[in-house]
Structure formats: C-alpha cells, structure tokens
Amino acid sequence: TQHSTSVDERLYKICELLEANIEYYSWVGFYFRNGEKEELKLGPYVGEPTDHTIIPFGKGICGQVAVSNANFVVPDVTAQDNYIACSITVKAEIVVPIFLNGENIGQIDIDSNTPDPFTEADERFLEFVCAEVANILD
Ligand code: SME
C-alpha cells in the first residue's frame, strides 16, 4: 500500500530545509492554535528545545501574532517588552501567520542569532511557505 508522509513529518522537513539553507535562520518552528483554546501549541521545529510549548494568545511575539493576524518582524528582541525568551543567543525574530480559509490557524516562528537580519524578502518568502503549509493542512 501507498505510504503517505504524515503532516508533522512534512512540516518538520520544511523546518529542516529552512534552518539548513538560510544561515541566519537559527531556530525554525510551527505553533498552531490548540483546539478551541485561546493558546498556541508548539508543533514541529528544528533548533534548541524550548520550554514554551504552550503560549497564551497575546503573550510574547507569537501570542501577539495569534491576535493581530499580521507578520511581526523583531530586529532586536531586547527592545520588546512583550517577549518570551527561549534562548540567550537569540537576537531577532520573525513570526508569520498561517491562514486556512481566511482563519489564522497558526504561524511559522523563526529566531535568529544574527542581529536585524530579516527583510521584506523574508516576509514574502515566509508568506509563500505558510500558504504551502495551509495547502498541506487542507
Ligand atoms: N520568542 C517567542 C517564543 C517562542 S520561542 O522563540 C521558540 C515569543 O516571544 O513569542
């Protein structure tokens, strides 16, 4: 019988490809809405393990994107008040929401150990990645 790769395996592969090929992508992972709860749950990721497997809506960069439905580019994490630190090596972060049928169902989260590395090209590229992820989940 035909073996189909699971959704989580496919998402993990995307994390691996991004982390391996873009030198300033240091931690790459997905967070998804945890059922009907007002919180995010960590999905597949590549990089250092994090304690933040559940993030309430509104909390940190990720939690803010869960409610704003907009990209959040952070050139310098030390300048953010509402920020959840996962590793002291992280200098910058980008979070881009994933929309399925117009609904914000999760996000891709990328941490960088390089200061201020993200450009609009990253935003456009990650929007494309998130659209592909929505197709995988559909
Ligand atoms: N820094 C994120 C938390 C997730 S870790 O980066 C993996 C935030 O402030 O939401």
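Description of the structure in this document. (Residues numbered from 1 in each chain as written. Predicted model: local features only at pLDDT ≥ 70, side-chain atom pairs only at ≥ 80, totals over all residues.)

Quick word on the environment of Leu 11
Position of Leu 11 relative to the elements: it lies in helix H1 (residues 7–21). According to the C-beta neighbour criterion, Leu 11 is buried, with 21 such atoms within 10 Å. Sequence spacing of Leu 11 and Glu 120 is 109 residues, and the spatial spacing of their C-alpha atoms is 23 Å. Once you skip the residues sitting within four places of it in the chain, Leu 11 turns out to touch Phe 30, Gly 43, Pro 44 and Val 133. (Helix = DSSP H or I, 4+ residues; strand = E, 2+ residues; numbered from the N terminus. Buried ≥ 20, exposed ≤ 12 C-beta atoms within 10 Å, placed from the backbone. Contact = placed C-beta atoms within 7 Å.)

Some details on helix H2 (residues 60–68)
All buried positions along H2 are accounted for by Gly 60, Ile 61, Cys 62, Gly 63, Val 65 and Ala 66. Next to the buried residues of H2 lie strand E1 (27–33), strand E2 (39–46), strand E3 (54–56), strand E4 (72–74), strand E5 (92–100) and strand E6 (103–112). Asn 69 occupies a position one or two residues after H2 and carries a positive phi of about 60°.

Comments concerning the site of the ligand
Within the structure, the ligand sits among 15 residues, and Gly 60, Ile 61, Cys 62, Ile 84 and Cys 86 are positioned closest to it. Listing elements by their share of the shell around the ligand, those giving two or more residues are E1, H2 and E6. Considering every element that reaches the shell around the ligand, the biggest residue donor is H2, with four residues. A class-by-class count of the residues in the shell around the ligand yields seven nonpolar, five polar and three charged. (Near = placed C-beta within 6 Å. Nonpolar A, V, L, I, M, F, W, Y, C, P; charged D, E, K, R; others polar.)

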